[in-house]
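Residue strings, one per chain:
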Amino acid sequence: MLPTPHRSGTGPRKALVALLGALLPLLAALALAASPATARERAVPAATLTEVTGFGANPSNLRMYVYAPGNVTAHPAVVVAVHWCGGSASAMYSGTEWASLADRYGFVVVYPSVTRASKCFDVSSPQALRRGGGSDPVGIRSMVDWATRTYAADTGRVFVTGNSSGAMMTNVLLGDYPDVFAAGAAFSGVPFGCFATTDGSEWNSACAGGTVSHTPQEWGDLVRAAYPGYTGPRPRMQLWHGTADDTLRYPNFGEGIKQWTNVLGVSQTPAATDTPASGWTRTRYGATGDRAPVEAISLQGVGHNLYGPGMASRALTFFGLDGGTTTPQPPAGACAVTAGVSAWSTGLTASVTVTNTGTTALNGWKLGFTLPAGQTITNGWNATFSPNSGVVTATNAAYNATLAPGASVTIGYQATHTGDSAAPAAYSLNGSACTVGP
């Protein structure tokens, strides 16, 4: 009996193996090509402030919010924008220009937000003042890692900026994570380690009062001790401070210059000094250009809430994120402001008269001011007010955009309040501090 014929599977099996061998590299290549877009789809909606959860190690229970414009660039930069005491991510988002600048230049903004009762960042505990110490800086580092992974961001272009408590955190982050951040811009802050406490207190009266002073070497050593053994490049620093700051006193500005010039190994003698706006004195250390190792801007007669329109653009130039050109600023000019308030139990109306005391006409103006805590604008006239609380910018109407030398314009608003019905203490017109009269 002849044996039953048996068909060999060798031929089809070889063909299948060959086919898979050809397809697998193709599928892998397609997956790699699609991964950035897929990651972005899983990220946050474009042009919307969105909370992100589960972003990584977060020992102090911070909240993370992200703003990604619709035109995020390939391998974008990341800017961390840190709020002030009593603030929040949403207040930092609505009260500063970082989101609108992101729309223009295509970078991603991360807004950390404090959940502890004080709404102040931890810049004083031993844990905060060392790399990986287990406090707020660890959570913020996790946020940066999430953003760089999700958007395939350029890890060489990660920056941090903040106001008040956020400015102090800017100093802390540059000390703790010099390998993460390329530069920082601190508005009304104190040097790294100045606010240090050992009793659990969040407040250091001696530092706030401007009575803590060290040699440049001592200040630099505090920064270097945050990451012992680190020998890599250090981030550049831009410092802003008002001479009339009564919350974090002006001597902290000089101490900060001492610290960061020492950390970056440059002379304390300015390489350049100029006046970019009326009442401003800018000094640059280690170089004369827009990206000097240290840049310091002193604002004559300006208090703690100094952040005003156009300042973020100047920080952006320092970061190098504006394409290498200076973002056009509104024309600066001298100004005087008188303000009156009529208040009742839970509300008020305010009338603000602005006078151009300069010698040139202003063709377009923005008046910046900070409302006292608890005040919220409900309507206004003769200007557009945005946002309605916190750091506010009043922008001219079409019919009063031109303000000739010696001319005045009166604007006003109605607001609710929770007890403090005072007028703002300081104003700036097109970035220049105004004289405030009765």
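Residues numbered from 1 in each chain as written. Predicted model: local features only at pLDDT ≥ 70, side-chain atom pairs only at ≥ 80, totals over all residues. Heavy atoms only, no water.

A. Expanded view of the overall build of the protein. A tally of regular secondary structure across the protein gives 9 helices and 22 strands. The burial tally for the protein puts 50% of its 438 residues in the buried class. For the protein, the accessible surface area stands at approximately 18,500 Å², while carbon and sulfur atoms represent 56% of it. (Helix = DSSP H or I, 4+ residues; strand = E, 2+ residues; numbered from the N terminus. Buried < 20%, exposed > 50% of the residue type's maximum accessible area, 1.4 Å probe, protein only. Areas by Shrake-Rupley, 256 points an atom, 1.4 Å probe, with all protein chains shown as cover.)

B. Fine view of the state of the cysteines. Tallied over the entire structure, the rule returns 3 disulfides. Shown here is the disulfide that connects C85 with C120, its sulfur atoms set 1.9 Å apart. An S-S torsion of about 130 degrees defines the bridge between C85 and C120 as right-handed. Placement of the pair is C85 in the loop between β3 (78-82) and α2 (89-95) and C120 in the loop between β4 (108-113) and α4 (136-150), with a sequence separation of 35 residues. (Disulfide = S-S within 2.5 Å.)

C. Focus on the sheet that holds strand β11 (residues 335-343). With respect to topology, 5 strands assemble into an open sheet ordered β15-β19-β12-β11-β22, the strand pairing being mixed. At either margin of the open sheet sits one strand with a lone partner, and together these are β15 (376-381) and β22 (435-437). On average, each strand axis in the sheet is tilted by 25 degrees relative to the strand beside it, whichever way the strands run. (Pairing = 2+ DSSP bridges. Axes fitted to C-alpha atoms, helices over the stretch in contact; angles between N-to-C directions.)

D. Summary view of the sheet that holds strand β21 (residues 432-433). Strand order in the open sheet formed by 5 strands is β16-β17-β14-β20-β21, with antiparallel pairing between adjacent strands. A single partner strand is all that each edge strand has here, and the edge strands are β16 (383-386) and β21. Where strand β20 (residues 427-429) lies against β21, 2 bridges are found, and the strand directions are antiparallel. Looking at β21, one finds that L429 is bridged to S432.

E. Region of interest: the nonpolar core. Core analysis: the biggest nonpolar cluster contains 58 residues, and W146 and F181 have the highest contact counts within it. Among residues more than four places away in sequence, those in contact with F181 are V80, V144, V158, F159, V160, L173, L174 and P235. (Core = buried A, V, L, I, M, F, W, Y, C linked by side-chain atoms within 4.5 Å. Contact = heavy atoms within 4.5 Å.)

F. Molecular detail of the packing of helix α7 (residues 216-225) against helix α8 (residues 251-263). In the contact formed by α7 and α8, the axes pass within 8 Å of each other and the chain directions differ by 65 degrees. Taken as axis vectors, α7 and α8 run roughly perpendicular relative to one another. The handedness of the crossing between α7 and α8 is right-handed. In contact with P216, Q217, W219, G220, V223 and R224 of α7, α8 contributes E255, K258, Q259, W260, N262 and V263. Looking at the contact of α7 with α8, its residues break down into 5 nonpolar, 4 polar and 3 charged. (Parallel < 35°, antiparallel > 145°, perpendicular 65-115°, else oblique. Left-handed = near helix turned anticlockwise from the far one by under 90°. Nonpolar A, V, L, I, M, F, W, Y, C, P; charged D, E, K, R; others polar.)

G. Inspection of helix α3 (residues 98-105) at higher detail. Along α3, the residues classified as buried are W98, A99, L101 and A102. Projected down its long axis, α3 carries its buried residues within an arc of 160 degrees, all on one side. Contact partners of the buried residues in α3: β2 (63-67), β3, α2, β4, β5 (158-163) and α9 (311-319). (Arc of directions from axis to C-beta.)

H. Structural view of the packing of aromatic side chains. Inspection of every chain in the model, using the stated rule, returns 16 aromatic pairs. With a centroid separation of 6.4 Å and an interplanar angle of 50 degrees, the aromatic rings of F318 and F319 are classed as tilted. For F318, a relative accessible area of 1% puts it in the buried group. With a relative accessible area of 4%, F319 lands in the buried category. Ring geometry for F369 versus Y427: centroids 5.6 Å apart, planes at 50 degrees, classification tilted. Highlighted residues: F369 in strand β14 (residues 366-370) and Y427 in strand β20, separated in sequence by 58 residues. Of the two residues examined, F369 and Y427, each falls in the buried class. Every member of this aromatic cluster is reached through a ring pair, and the members are W98, F107, F159, F318 and F319. Over the ring of Y227 we find R131, and its NZ or CZ is 4.0 Å from the ring centre. (Phe/Tyr/Trp six-rings, centres within 6.5 Å; stacked < 30°, edge-to-face > 60°. Lys NZ or Arg CZ within 6 Å of the ring centre and 35° of its normal.)

I. Broad picture of unusual backbone geometry. The linkage connecting S386 with the following residue, P387, adopts the cis geometry, with an omega of -10 degrees. Position of P387 relative to the elements: it lies in the loop between β16 and β17 (391-396). With a phi angle near 60 degrees, N61 is a residue other than glycine that sits in the positive phi range. As for its position among the elements, N61 is in the loop between β1 (50-52) and β2. Residues other than glycine seldom take positive phi values, yet N382 does so here, at roughly 65 degrees. Inspection of the secondary structure puts N382 in the loop between β15 and β16. The exposure class assigned to N382 is partly exposed, which follows from its relative accessible area of 29%.

J. Structural detail: the pattern of salt bridges. This model, assessed by the stated rule, comprises 10 salt bridges. D290 is the partner of R284 in a salt bridge, and the nearest nitrogen-oxygen pair spans 2.9 Å. Among the residues examined, R284 registers a relative accessible area of 8% and is labelled buried. Through salt bridges with shared partners, one network takes in R284, D290 and E295. (Salt bridge = Lys/Arg side-chain N within 4 Å of Asp/Glu carboxyl O.)

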